[in-house]
Amino acid sequence: MNYENTRRQKRHLTKTRFRAALSALALIAAAPVALAQDVSAQRIEQPAAPLKEALLRVADAYGVNVIFTDDLVAGKTAPALSGELTAIEALEALLAGSDLSVSQAQSGALVIKARIAVKAKAAAAPPPRLVEDIIYVTAQKRKQDLQKVPLSLAVFESDEILLSNFDSLSDYAFRTANFSFSNNGNRSRSILAVRGVSDENVAATGTTVGFYLDEVSLNPTGGLRQNDLALLDLERIEVLRGPQGTLFGRNTIGGAINLVSRKPNETLSAQLTAGVERYSTYFVQGHVNVPIADGIYVLGSAMQRATDGFVTNSFLDQGFGNSQTGGRVALRLEPTNALTIDLAAMRNVTRFDGLQSITEPDFDARNYDAPIDFQPENKVESDLLTARIEYETPYFDIISLTAYNQFDRPEAFDGDGSPTPFATVSSFTTEESFSQELRLQSNGDDSRLIWTFGGFYGRTEDANSFEFVIGDPANPLQQIASSTEGTVENLAVFGELEFPILNKLTMTLGARYSRDDVSLTNTAGEVFEGPSDALTPKIGLRYQ
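The model shown is predicted, which means the values in this text are computed figures rather than measured ones. (Residues numbered from 1 in each chain as written. Predicted model: local features only at pLDDT ≥ 70, side-chain atom pairs only at ≥ 80, totals over all residues. Heavy atoms only, no water.)

### Notes on the overall build of the protein
Secondary structure assignment for the protein yields seven helices and 35 strands. Classification of the 544 residues of the protein by burial places 46% in the buried group. Excluding contacts between residues fewer than 6 apart, the proportion of contacts in the protein whose partners are at least 24 apart in sequence is 62%. Summed over its atoms, the accessible surface of the protein is roughly 26000 Å², and 56% of this surface lies on carbon and sulfur atoms. (Helix = DSSP H or I, 4+ residues; strand = E, 2+ residues; numbered from the N terminus. Buried < 20%, exposed > 50% of the residue type's maximum accessible area, 1.4 Å probe, protein only. Contact = heavy atoms within 4.5 Å. Areas by Shrake-Rupley, 256 points an atom, 1.4 Å probe, with all protein chains shown as cover.)

Here is the structure:
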């Protein structure tokens, strides 16, 4: 039984934690009620009241999740409601005449936001008008209006990530249709599945679901290793469903997860969030954004989460806990209006004691005992360096993306699951990868012809060792060891065109040619080599 995954699901449904958010600019608070889609019309009678109180009454009456911040509704009054209304119609009536609007997030939550004022260009034009917020995404490696992207995707913006208390992969996986995962109690071995296409049992050959942070692949060889990173100061989470091979490359048959981090900007700001939970769990995270000079901005983010867990080892009088620590520093340089340089360095360390055979479960008290003679020692360390350079010409944009990623995972655990020193298992995995992508693409998405062309080079080197010891590790009766070393080189060229063929009908044509050179050496010194290549075409029609 997967006790860790079960605990995550129960915790997700019965969270009792609280958060104290301290900010140099704002105190953020929300009023989550229940998760549901918009419901059918029902009779509602509600007197005029302060806007916050009125919003909470509507959320309670319809059983929906209404998300807003106190600063948005402070000092505002809502009119009375009376009639047969849906939840969205009721909220729109409350916000009528204000500078606020309501929109439905991909998860079903109803989000209250400020409208965007669009200023008129002519001096004699009417006053600024108010339009609904536009959600921009980079699912096709360019900034686009979500409504114009011909893909099936779910999007979580920064406000929803914060107010919904997302801190791990499970939080947004549970709220995304056709996206699931399992990790067997180990955050470094998350197995992803999109539309039923799973990463399970493909670790040796590649993944089927790509996982990206700021366009950089975090599982280039498919090792299922870094999918549950600390969610550090994210601007957006995009879950792309369906094959994404043309722009994202190999190993995206099922789809792709695209994490977009917040970029440094010209506003001085800081924020600190902390909280506690059951099982001696605590978390703290924050960020500081500092404008150094005109065109030079720095953003630093950090987080830590730790828990003692709910499983104990009575034999050694220790607990099976885990912790996660992450930090990121980003630098943005804007030497000219046309040139933007983004540099970032991130480190993530996860410690976990793993799961063992539970011999004396107490389900009522939720206390579990796993008496063993060897306390597991498992850790994952990852470092990521990225450099993104974008230069805008009058006709097209030039984008260069360089990345270096290092990953280490030492593991050791009790092989027999008992207090007797019979068997011990240990392993070590290390991986280094370098990638370089160069793209040329059309400016914006308003022109009749939208295009992207580019090339990619990547090289990954990894090594794995395994050791099984029978008897006392200090004086073993038998020892079995194995190791492998591998190298993967990938070259690719790709392109995509989008153009109208009728008034409201748009066609997309794309293709990607890639070549992989794989080399693997095992314990016996045997070498396995083999190149492979593939041409991935794409054709699509969109009517809008």
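### Digging into unusual backbone geometry
Within the chain, D214 stands out as a residue other than glycine whose phi angle is a positive 50°. Its place among the elements puts D214 in the loop between strand 17 (209–213) and strand 18 (216–217).

### Quick look at the sheet that holds strand 28 (residues 368–369)
Reading across the sheet, the three strands line up as 25-24-28 and stay open at both edges, with mixed pairing between neighbours. Because the sheet does not close on itself, it has two edges, and the strands there are strand 25 (318–319) and strand 28. As defined by bridge partners, strand 24 (residues 311–313) adjoins strand 28 across two bridges and the pair is classed as parallel. Paired with V311 across the two strands is Y368, which belongs to strand 28. (Pairing = 2+ DSSP bridges.)

### As for the nonpolar core
Counting residues in hydrophobic clusters, the biggest one holds 26 residues, and the most contacted among them are Y172, F179, L192, F211, I237, I257 and L259. If you list the elements that add at least two residues to this core, you get strand 13 (152–157), helix 6 (169–173), strand 14 (179–182), strand 15 (191–194), strand 17, strand 19 (234–241), strand 20 (255–261) and strand 30 (396–414). Judged by nonpolar contacts, the second largest core, of 24 residues, contains L51, Y62, V64 and L81. (Core = buried A, V, L, I, M, F, W, Y, C linked by side-chain atoms within 4.5 Å.)

### Focus on the sheet that holds strand 8 (residues 110–114)
Read from one edge to the other, the open sheet built from three strands follows the order 4-8-7, with strand pairing classed as mixed. Strands at the two margins of the open sheet, each flanked by one partner only, are strand 4 (66–67) and strand 7 (100–104). Strand direction decides the pairing type here: strand 7 and strand 8, joined by five bridges, are antiparallel. Considered in strand 8, the bridge of V102 is made with I112.

### With respect to the environment of E381
Summarising the element assignment, E381 is placed in strand 29 (residues 378–392). Each C-alpha atom, one on E381 and one on F407, is 5.8 Å from the other, the two residues being 26 residues apart in sequence. Residues contacting E381, with those up to four places away along its chain left out, are R347, N348, V349, Q406, F407 and D408. A polar contact is formed between the side chain of E381 and the side chain of R347, at a distance of 2.8 Å. (Polar contact = N/O pair within 3.5 Å; in protein donor to acceptor, adjacent residues only side chain to side chain.)

### Thoughts on the packing of aromatic side chains
Applying the stated criterion across every chain, the model contains two aromatic pairs. Geometrically, the ring pair formed by W451 and F453 is tilted, given 5.7 Å between the ring centres and 35° between the ring planes. The exposure class assigned to W451 is buried, which follows from its relative accessible area of 19%. Relative accessible area serves as the criterion here: at 40%, F453 is assigned to the partly exposed category. By the ring-pair criterion, three or more aromatic residues cluster together here, those being F396, W451 and F453. (Phe/Tyr/Trp six-rings, centres within 6.5 Å; stacked < 30°, edge-to-face > 60°.)

### Notes on a nonpolar patch on the surface
Where nonpolar side chains cluster on the molecular surface, the patch consists of L272, V276, Y282 and V284 and spans about 300 Å² of accessible area. With respect to the secondary-structure elements, Y282 resides in strand 22 (residues 281–293). (Patch = residues over 30% accessible without salt bridge, like charges linked within 9 Å, V, L, I, M, F, W, Y side chains within 5 Å. Salt bridge = Lys/Arg side-chain N within 4 Å of Asp/Glu carboxyl O.)

### Thoughts on helix 4 (residues 87–95)
Residues A87, A90, L91, L94 and L95 constitute the buried set of helix 4. Down the axis, helix 4 shows its buried residues gathered within 130° of arc, on one side only. Count one or two residues on from helix 4 and you reach G97, which has phi positive near 85°. (Arc of directions from axis to C-beta.)

### Re the side chain of D342
Mapped onto the elements of the fold, D342 is located in strand 27 (residues 339–352). Take D342: its relative accessible area is 11%, and that puts it in the buried class.

### Notes on helix 2 (residues 51–62)
Between its first and last C-alpha atoms helix 2 spans 17 Å; for 12 residues at 1.5 Å apiece the expected length is 16 Å, and the two agree. For helix 2, the full list of buried residues reads L51, A54, L55, V58, A59 and Y62. Each buried residue of helix 2 lies within a common arc of 140° when the element is viewed along its axis, so the set occupies one face. After helix 2 finishes, the residue G63 shows a positive phi value of roughly 70°. (Expected span 1.5 Å × (residues − 1).)

### A look at the packing of helix 2 against helix 4
Pairs of packed helices are described in terms of their axes, by the angle between the two and the distance that separates them. At a minimum axis separation of 10 Å, helix 2 and helix 4 run at an interaxial angle of 170°. As the angle between them shows, helix 2 and helix 4 are arranged roughly antiparallel. Along the contact surface, helix 2 presents L51, A54, L55, V58 and Y62, while helix 4 presents A87, A90, L91, L94 and L95. (Axes fitted to C-alpha atoms, helices over the stretch in contact; angles between N-to-C directions. Parallel < 35°, antiparallel > 145°, perpendicular 65-115°, else oblique.)

### Quick notes on the pattern of salt bridges
Within this structure, the stated rule accounts for 24 salt bridges. With a shortest N-O distance of 2.6 Å, E238 and R236 are connected by a salt bridge. On the basis of relative accessible area, E238 is assigned to the buried category, the value being 0%. Here K379 and E381 are joined by a salt bridge, their closest N and O atoms 4.0 Å apart. For K379, a relative accessible area of 32% corresponds to the partly exposed category. The structure contains a network of salt bridges with shared partners spanning E215, R388, E390, E437 and R439.

### Observations regarding the environment of A80
Along the chain, A80 falls in the loop between strand 5 (77–78) and strand 6 (81–85). For A80, the contacting residues outside a window of four places in its chain are Q46, P47 and A48.

### Remarks on the environment of R236
One can find R236 in strand 19. Considering only alpha carbons, one finds R236 and S158, 78 residues apart in sequence, at a separation of 5.6 Å. Side chain to side chain, R236 and E238 meet in a polar contact 2.6 Å long.

### Details of the side chain of T506
When you line up the elements, T506 lands in strand 34 (residues 505–521). Residue class for T506 comes out buried when judged on its relative accessible area of 13%. Beyond its immediate chain neighbours, meaning those up to four positions away, T506 contacts E498, F499, P500, G540, L541 and R542.

### Looking at the confidence of the model for the protein
On average, residues of the protein score 77 in pLDDT, and 76% of them reach the 70 mark or higher. Low pLDDT, under 50, characterises residues 1–39; the predicted model gives this stretch 103 contacts beyond four residues in sequence or across chains. Below pLDDT 50 for its whole length, residues 117–132 participates in 18 contacts with residues either more than four positions away or in separate chains. (pLDDT = per-residue confidence, 0-100.)

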